[in-house]
Amino acid sequence: MIPIGVRGGYRSVEKVLKTMSPDDVVEEVKKSGLRGRGGAGFPTGMKWSFLAKPEGVPRHLIVNADESEPGTFKDRYLMEHIPHLLIEGIIVASYALGSNTSFIYIRGEYAWIVDILEQAIQEARNNGFLGKNILNSGFDCDIHVQRGAGAYICGEETALLESLEGKRGNPRIKPPFPAVKGAWDRPTVVNNVESISAVVPIINLGGEEYAKIGVGKSTGTKLISACGNINKPGVYEIDMTISVEEFIYSDEYCGGIPNGKRLKACIPGGSSVPILPANLLLKTAKGEQRMMNYESLSDGGFQTGSMMGSGGFIVFDEDQCIVKHTYTLARFYRHESCGQCSPCREGTGWMEKLLWRLENGQGKMSDIDLLWEIQSKIEGNTICPLGDAAAWPVAAAIRHFRDEFEWHVTHAEEAQVRNFGLAHYADPIQPIPA
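About the criteria used
- Residues numbered from 1 in each chain as written.
- Predicted model: local features only at pLDDT ≥ 70, side-chain atom pairs only at ≥ 80, totals over all residues.
- Heavy atoms only, no water.
- Patch = residues over 30% accessible without salt bridge, like charges linked within 9 Å, V, L, I, M, F, W, Y side chains within 5 Å.
- Areas by Shrake-Rupley, 256 points an atom, 1.4 Å probe, with all protein chains shown as cover.
- Salt bridge = Lys/Arg side-chain N within 4 Å of Asp/Glu carboxyl O.
- Helix = DSSP H or I, 4+ residues; strand = E, 2+ residues; numbered from the N terminus.
- 1 Å grid on protein atoms, 1.4 Å probe; cavity = no way out; pocket = protein on both sides within 12 Å on 5 of 7 lines; lining within 4 Å.
- Points joined across faces, edges and corners; volume = space filled by probe spheres on them.
- Nonpolar A, V, L, I, M, F, W, Y, C, P; charged D, E, K, R; others polar.
- Buried < 20%, exposed > 50% of the residue type's maximum accessible area, 1.4 Å probe, protein only.
- Axes fitted to C-alpha atoms, helices over the stretch in contact; angles between N-to-C directions.
- Parallel < 35°, antiparallel > 145°, perpendicular 65-115°, else oblique.
- Contact = heavy atoms within 4.5 Å.

Q: Sorry if this is basic, but what is going on with a nonpolar patch on the surface here?
A: Together, F42, M46 and F50 make up a nonpolar patch on the protein surface, roughly 290 Å² of accessible area in all. Locating F42 in the fold gives a position in the loop between helix 2 (22-32) and helix 3 (44-49).

Q: How do you make sense of the layout of surface pockets when you look at a structure like this?
A: Rolled over the atoms, a probe sized like a water molecule indicates the empty space that remains. Computed from the structure, the largest pocket encloses a volume of approximately 1300 Å³. Lining the largest pocket are 46 residues, and of these G38, G39, A40, G155 and P385 lie nearest its centre. When residues of the lining of the largest pocket are traced back to their parent elements, those giving at least two are helix 3, helix 4 (74-81), strand 4 (188-192) and helix 17 (386-410). Across the lining of the largest pocket, the residue classes tally to 18 nonpolar, 17 polar and 11 charged. Counted as a void, the second largest pocket has a volume near 260 Å³. Around the second largest pocket sit 16 residues that line it, and L85, P201, T221, L223 and E237 are the ones nearest its centre.

Q: Hey, could you run me through the pattern of salt bridges in this one?
A: Opposite charge on two side chains makes pairing possible when the charged atoms of those side chains draw close. Tallying each qualifying case throughout the model produces 28 salt bridges. A salt bridge links K31 to E28; the nearest nitrogen and oxygen atoms lie 3.5 Å apart. Linking K31 with E28, this pair stays in helix 2, spanning 3 residues, or about one helical turn. Look at K31 and you get partly exposed, because its relative accessible area is 38%. For R334, the salt bridge is made with E352, and the minimal N-O distance between the two is 2.7 Å. Of this pair, R334 sits in helix 14 (residues 322-336) while E352 sits in helix 15 (residues 342-359), and the two are 18 residues apart along the sequence. We classify E352 as buried; its relative accessible area is 13%.

Q: Can you help me understand the packing of helix 4 against helix 5 (residues 83-97) in this one?
A: For any two helices packed against each other, the geometry is given by the interaxial angle and the distance between the axes. Running from N to C, helix 4 and helix 5 cross one another at 95°; their axes reach a closest spacing of 5 Å. Classed by the angle they form, the pair helix 4 and helix 5 counts as roughly perpendicular. Listed contacts from helix 5 to L78, M79, E80 and H81 of helix 4 are P83, L85 and L86. Its residues assigned to classes, the contact of helix 4 with helix 5 shows 5 nonpolar, 1 polar and 1 charged.

Geometry only, nothing functional implied.
This is the structure we're talking about:
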């Protein structure tokens with residue numbers, strides 16, 4: 001076996017342990033502009049700087065590998081095919097945070113990846129990059145892999161911490177935040193797999209050089225999980241300077257829509273972000289080209305925009321039924337609600353029932369307004385963001401595709417044998433005056 005490091009692996013570990021202080025590492029990550037790749041997009045370096053450092057109290061880094069967001073599978077790719085990139089990033093981040101014991105909390109369904117990670121951890125240990133006194137630096141670091149039980153709610157960081165401690169995966173009320181009181185009441189940072197993996201090129205290139213990749217506040221590269229009605233589904237690494245249109249239609253990326261079908265809609269950032277019709281996906285409400293970055297995808301707010309989210313890019317062609325897909329998402333969120341908050345526990349159930357009625361020819365016009373009212377009562381009224389994640393897809397579907405919902409009521413029998421079609425969703429939009 002070729003020793004790790006012969007082909008450039010773990011260079012960042014050697015660099016930080018031999019030439020940088022923990023604060024230097026945090027500063028480089030701040031300079032890079034790296035934003036959390038799990039969905040929230042919060043500046044990673046800033047999050048690290050919030051970590052409390054009480055004397056004599058252990059700190060922990062937890063890698064969130066739960067990846068349960070429908071339409072998102074880029075973390076799976078990293079762990080399955082480039083596990084040492086993640087391990088290297090964990091060692092560097094652990095050094096920066098003063099974590100001697102770090103954890104990878106992985107989704108239960110990723111059973112085969114646990115074996116891959118365990119092997120990679122052992123290889124790193126055999127080559128002197130894990131364990132006691134790494135590279136004679138005085139820094140100790142161990143990594144443990146913990147399997148979850150397949151609950152979407154454990155993608156929320158405090159529910160993840162509860163599960164890691166062996167408890168039911170219910171979100172905690174904040175404050176206190178994990179940076180002050182996290183795993184076992186110790187200061188803790190929870191970061192996504194892609195976020196931690198990105199630390200390696202940041203250290204190797206330098207924060208300022210890394211920040212030159214991309215555009216504006218969307219620095220570095222981003223992994224996109226592309227699926228749905230496209231010719232080339234898969235995981236793509238982009239530098240966030242390309243347009244949405246190029247991403248969907250170019251041969252370098254998704255390769256267009258099969259069978260000459262037209263684009264109807266897209267969920268650009270995982271199932272919880274607002275769906276956009278084709279015309280608002282390719283151009284903003286101002287008539288500007290929509291780009292594959294945080295700022296452009298969110299341009300217009302939820303009225304005419306969406307979010308980069310976790311990068312779960314789901315494409316719908318002209319034959320897809322928005323009501324049916326919205327029902328599918330509502331059923332998922334109802335099933336995954338932990339039940340702790342009444343608005344989420346009751347609201348997700350009611351949304352599922354109403355969408356089932358609309359999809360199965362039993363809906364009324366008043367059901368659409370009731371759906372809108374229910375989602376508005378859920379959003380912002382729960383302990384964790386699962387309530388928002390359940391409400392946003394329903395709100396966006398009604399906002400942009402209300403005529404399709406109404407057609408399911410007025411043409412109940414016809415809706416059982418054919419879909420509404422493309423309608424006006426791809427028509428050129430009239431730009432909002434500046």
